[in-house]
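A look at the structure
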Amino acid sequence: MTDQGSGSGAPMIALSGVAKAFGSKRVLAGVDLSVARGESLVIIGGSGTGKSVTLKCVLGLIVPDAGRILVDGQDAVAARGRAREAMLDKFGMLFQGGALFDSMLVWENVAFRLLRGQNRLGRAEARETAIEKLKRVGLTAETADLFPAELSGGMQKRVGLARAIATTPEIIFFDEPTTGLDPIMADVINDLIREIVVEMGATAMTITHDMTSVRKIADRVAMLHEGVIQWAGPVGEIDTTENPYVHQFVNGLPDGPIAAVR
Ligand SMILES: Nc1ncnc2c1ncn2[C@@H]1O[C@H](COP(=O)(O)OP(=O)(O)OP(=O)(O)O)[C@@H](O)[C@H]1O
């Protein structure tokens, strides 16, 4: 299926024919996917279908065996040195486990990228920006001088979100943003993600199994299975599409084209 994204103009992220195998294991078998500027795309699919591998290919952490990936019109696979740094500067990322550095204070975690690189800020300015971002995600200024271990899981997730938006990135990736949170906290994080993405006008790409997240965060949804995008469309169509993969996944049905492993 060729996916052109929903917006007009050049997409912010465009994958075409992206393939990747690890040894004899073929994970991606020709992924075609576009994300329009300012759009929030959520990739769904079962465990081990290659959602993380897809994100890693866009970030250049995994080099695909075939295919093309353009980020803001630039070849993301070939980018090296300065060009690659400039490309990565466009991204913010919320990692699955929060992935905070235990030995750094909360504000230093948030300001991690502000304190490094060519355009780095002085500590006072970086701290000020970090506190502003912490407030944006609902944490107080006092949180800044705690260590991550002193925070609850939900608070750590907020810190991860503050870090993801610290540089006001054009593109934000969310890897399983609600994993490990109770349903109420998950809902709070989903709302916060949606609000922030809209307010920043950022392009967002999220991977999740959580259908509540999908409904809250997505403008568009893409379903990855057996190495290809089986379906992509507006979030409002996930309940009505006749695509058998989406129907089975969204409704959690044991019978259908997706083999249930017991
Ligand atoms: N660096 C790697 N080396 C070898 N195999 C890998 C590597 N990265 C991923 N894989 C394999 O690729 C497959 C897809 O993994 P991936 O993490 O992308 O799945 P996923 O869809 O994100 O799953 P989950 O939802 O469980 O996180 C898995 O079988 C995994 O073992």
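Higher on the page you've got the structure.
Reference entry: report on the structure contained in this document. Bear in mind that the values here come from a model prediction, so they are computed numbers and not experimental data.

Moving on, we get to the overall build of the protein chain. What the protein chain contains, in helices and strands, is 8 helices and 10 strands. Compactness check: the protein chain gives a C-alpha radius of gyration of 18 Å against a globular reference of 18 Å for 262 residues, within 12% of the reference. Summarising its shape, the C-alpha atoms of the protein chain cover approximately 55 × 40 × 40 Å along the three principal directions. Going through the 262 residues of the protein chain one by one, you find that 42% of them count as buried.

Let us look at the nonpolar core. Note on soluble globular proteins: their nonpolar side chains tend to be buried together. Val110, Ala130, Ile172, Val221, Ala222 and Met223 are the most contacted members of the largest nonpolar core, which totals 70 residues. Excluding residues that lie within four positions of it along the chain, valine 221 makes contacts with Val42, Ile44, Val214, Ala232, Gly233, Val235 and Ile238.

Let's shift gears to the sheet that holds strand β1 (residues 13-22). Across the sheet, which stays open at both edges, the 4 strands sit in the order β2-β1-β4-β5 with antiparallel pairing between neighbours. The open sheet terminates on both sides in strands that have one partner only, identified here as β2 (25-35) and β5 (74-75). Sheet topology note: the β1/β2 ladder contains 8 bridges and is antiparallel. Bridging from a neighbouring strand, leucine 15 pairs with leucine 33 of β2.

A word on the site of the ligand. Around the ligand, the structure places Phe22, Val27, Gly45, Ser47, Gly48, Thr49, Gly50, Lys51, Ser52 and Val53. For the shell around the ligand, the leading source of residues is helix α1 (residues 51-59), giving 3 residues. When grouped by side-chain class, the residues that make up the shell around the ligand number 3 nonpolar, 6 polar and 1 charged.

Turning our eyes to something else, we now look at the sheet that holds strand β8 (residues 203-207). Sheet architecture is open: 6 strands sit in the order β6-β7-β8-β3-β9-β10, paired in mixed fashion. Edge positions in the open sheet fall to β6 (91-94) and β10 (228-234), since each of these has one partner strand only. Each neighbouring strand pair of the sheet contributes to a mean axis angle of 15°, computed without reference to strand direction. One ladder, built from 6 bridges, connects strand β9 (residues 220-225) with β10; its direction is antiparallel.

Before going further, it helps to examine the environment of alanine 232. Residue placement: alanine 232 occurs in strand β10. You can call alanine 232 buried: it has 24 C-beta atoms within 10 Å. Between the C-alpha atom of alanine 232 and that of isoleucine 44, which follows or precedes it by 188 residues, the distance is 10.0 Å.

About the cut-offs
Residues numbered from 1 in each chain as written. Predicted model: local features only at pLDDT ≥ 70, side-chain atom pairs only at ≥ 80, totals over all residues. Helix = DSSP H or I, 4+ residues; strand = E, 2+ residues; numbered from the N terminus. Rg over C-alpha atoms; globule rule 2.2 N^0.38 Å. Buried ≥ 20, exposed ≤ 12 C-beta atoms within 10 Å, placed from the backbone. Core = buried A, V, L, I, M, F, W, Y, C linked by C-beta atoms within 7 Å. Contact = placed C-beta atoms within 7 Å. Pairing = 2+ DSSP bridges. Near = placed C-beta within 6 Å. Nonpolar A, V, L, I, M, F, W, Y, C, P; charged D, E, K, R; others polar. Axes fitted to C-alpha atoms, helices over the stretch in contact; angles between N-to-C directions.

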